[in-house]
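Structure assessment
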Amino acid sequence: MYKIVEFNDQDKYINEFINLSHKLYSEDEIMQNDIELKQLLKNEHILCKYFTLRKFLIYKDNNVISRVVLTFYEGDKNAYFGFWETENDTEAVEFMFENLNKIVIDYGKERIIGPVNAIFWIGYRLKVNNFNSLPYMGEPYNKEYYYDLLKKVGFTEYEMYYTNFYNKPEMNYINSKANNRYKLFTLKGYKLKTLNDFENLETVYSVIYDMIIELYKEFPIFKWISKEDFINFYKNSFKILDSRMQKIYYYNNEPVAFSLVFPNYNNLLVHNMEKNKLEILKRKKRSEEYLIAYMGVKRKHARIRVSHG
Amino acid sequence: MHGLGLAMVNEIISDIKEKNAYPIASLIKKSKVTSKYIEEEIIKQNKYVLVSKNVVNVK
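Report follows, based on the coordinates. In this convention, every chain numbers its residues from 1, walking through the sequence in written order. A letter from A marks each chain and a number from 1 marks each ligand, given out in the order of writing. Only residues with pLDDT of at least 70 are given local features in this predicted model, and only at 80 or more are side-chain atom pairs given and counted; all residues enter the totals for whole chains, interfaces and linings. Processing note: side-chain calculations cover all non-hydrogen atoms of the structure and skip hydrogens and water entirely.

Points about the overall build of chain B
- Secondary structure assignment for chain B yields 2 helices and 3 strands.
- Beginning at the N terminus, the succession of helices and strands in chain B can be written as β-α-β-α-β.
- Per-residue burial for chain B yields a buried fraction of 59% across its 59 residues. Numbering goes from the N terminus for both helices and strands, where a helix is a DSSP run of H or I of at least four residues and a strand is a run of E of at least two. Summary of the burial criterion: residues with accessible area below 20% of their type's maximum are buried, those above 50% are exposed, and those between are partly exposed, where the area comes from a 1.4 Å probe applied to protein chains only.

Shown next, in the form of structure tokens:
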């Protein structure tokens, strides 16, 4: 009844892989970037050089019912499953992971972790609650039954993450602790720059890359990529930001912290971008919601002692 | 002792106030900055996991 097919770059299987998401999700929900996914499946994506990708479809009575990739890294005792999508069929998922189990053992790996969509930089994590609202930009999004299916086949929690949604701050709202900290750090000599203060965006990419690599390298499943690949991968993202909201903090001319805040484009950037152009431009100017997407402070500067009196 | 992270939050809040918009702190681990100082303002919390399983060599 169930059949597993491993494929390489055959268009038939690539299309079936991509189309499964379109079958499972509505136009408003779907977070899949078809172009990027096709590049990955065809081994044409700029980040493909960093991993080995094996690609699988599960058929039930000749219909695609599940899909998944396995990613392997040299020197990493874990294998990663990702781009995992499935209909609600426990037997199919059991069948899938029994087969993947054998492949992972053949590679000499000890554990499977996921979902990781090939690499840290593209996406990872499984959403487990609050499925009654549309996904925000960059949110890991999946069917509500996925976590239960994974638990049934023996997966347990490895890491947990949160996204907090806050009340709209009133114009007279001041968080006095945060405000005092800002004043103290300014007195100490920390200076704030926004993207508008840089003549050359290449400088910004370089500064942010250096800090992200240093600050995020301890994160579970983090994988290093070169500065050139980082810039090529992310440079289009900066075009859709409000420059004034992107901050880099300096101390003695050394960049020591950064924050990147994005308008919430929901899924407007992952497909039908031409059709959504006007709405994208509107939200770039002003969005109902803003994502505090990345923040980092170099360890030495996270806390300072400020003398009083 | 004082936190640069919290100082940064001050500027972020200021920017978002100007836009008359709602802030979302996306995909964080448990954070002293966002949870300790702004917890009272959270209206919704989404959760996400990574899962794992040891592979078993069934002979």
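Observations concerning the packing of aromatic side chains
Residues and elements named next belong to chain A.
- Each pair of aromatic rings taken from Phe, Tyr and Trp, with Trp reduced to its six-membered ring, is defined by centres within 6.5 Å and is described as stacked if the planes are under 30 degrees apart, edge-to-face if over 60, and tilted in the remaining cases. Within the structure shown, the criterion is met by 33 aromatic pairs over all chains.
- Each residue in the set Phe 120, Trp 121, Tyr 124, Tyr 161, Tyr 209, Phe 222, Phe 230, Phe 233 and Tyr 234 is aromatic and connected to the rest through ring pairs, giving one cluster.
- When the NZ atom of lysine or the CZ atom of arginine is within 6 Å of a ring's centre and also within 35 degrees of its normal, the charge is said to sit over that ring. Over the aromatic face of Tyr 124 sits the side chain of Arg 125, whose NZ or CZ is 3.9 Å from the ring centroid.

Some remarks on the interface of chain B and chain A
- In this analysis, two residues are considered to be in contact whenever any of their non-hydrogen atoms come within 4.5 Å of each other. If you look at the interface, chain B gives 50 residues, while chain A gives 88 residues.
- Buried area is calculated as the accessible area (1.4 Å probe) missing from two parts once they are joined, with the contributions of both summed. Roughly 7,200 Å² of surface becomes buried between chain B and chain A when both sides are summed, with 59% attributable to carbon and sulfur atoms.
- When a carboxyl oxygen of Asp or Glu lies within 4 Å of a side-chain nitrogen of Lys or Arg, that pair is called a salt bridge. Here Lys 19 of chain B makes a salt bridge to Asp 242 of chain A, at a shortest N to O gap of 2.8 Å.
- Think of a polar contact as two N or O atoms within 3.5 Å of one another; within protein, one of them needs to be a possible hydrogen donor and the other a possible acceptor, and neighboring residues in sequence only count if both atoms come from side chains. Summed over the shared surface of chain B and chain A, the result is 40 residue pairs in polar contact (both at pLDDT 80 or more).
- When residues of the side of chain B that touches chain A are traced back to their parent elements, those giving at least two are strand E1 (2-3), helix H1 (4-18), strand E2 (22-28), helix H2 (32-38) and strand E3 (42-54) of chain B.
- For the side of chain B that touches chain A, the class distribution of residues is 26 nonpolar, 12 polar and 12 charged.
- Paired strands, in this sense, are two strands between which DSSP finds at least two bridges. Note that strand E5 (residues 111-114) of chain A and E3 of chain B share 4 bridges and pair antiparallel. Looking across to E3 of chain B, one finds that Gly 114 of chain A is bridged to Val 51 of chain B. Amino acids are sorted into nonpolar (Ala, Val, Leu, Ile, Met, Phe, Trp, Tyr, Cys and Pro), charged (Asp, Glu, Lys and Arg) and polar (every other residue, Gly among them).

Considerations on the packing of helix H1 (residues 11-24) of chain A against helix H2 (residues 34-41) of chain A
Residues and elements named next belong to chain A.
- At a closest axis distance of 10 Å, the pairing of H1 and H2 adopts a crossing angle of 150°. By crossing handedness, the relation of H1 to H2 is classed as right-handed. Counting all contacts with H1, which are made through Ile 14, Asn 15, Phe 17, Ile 18 and His 22, the residues of H2 involved are Asp 34, Leu 37, Lys 38 and Leu 41. Angles shown run from 0 to 180 degrees and are taken between the N-to-C directions of axes, each axis being a line fitted to C-alpha atoms and, for helices, limited to the stretch in contact. When the near helix sits turned anticlockwise from the far one by under a right angle, the crossing is termed left-handed; a clockwise turn instead gives a right-handed crossing.

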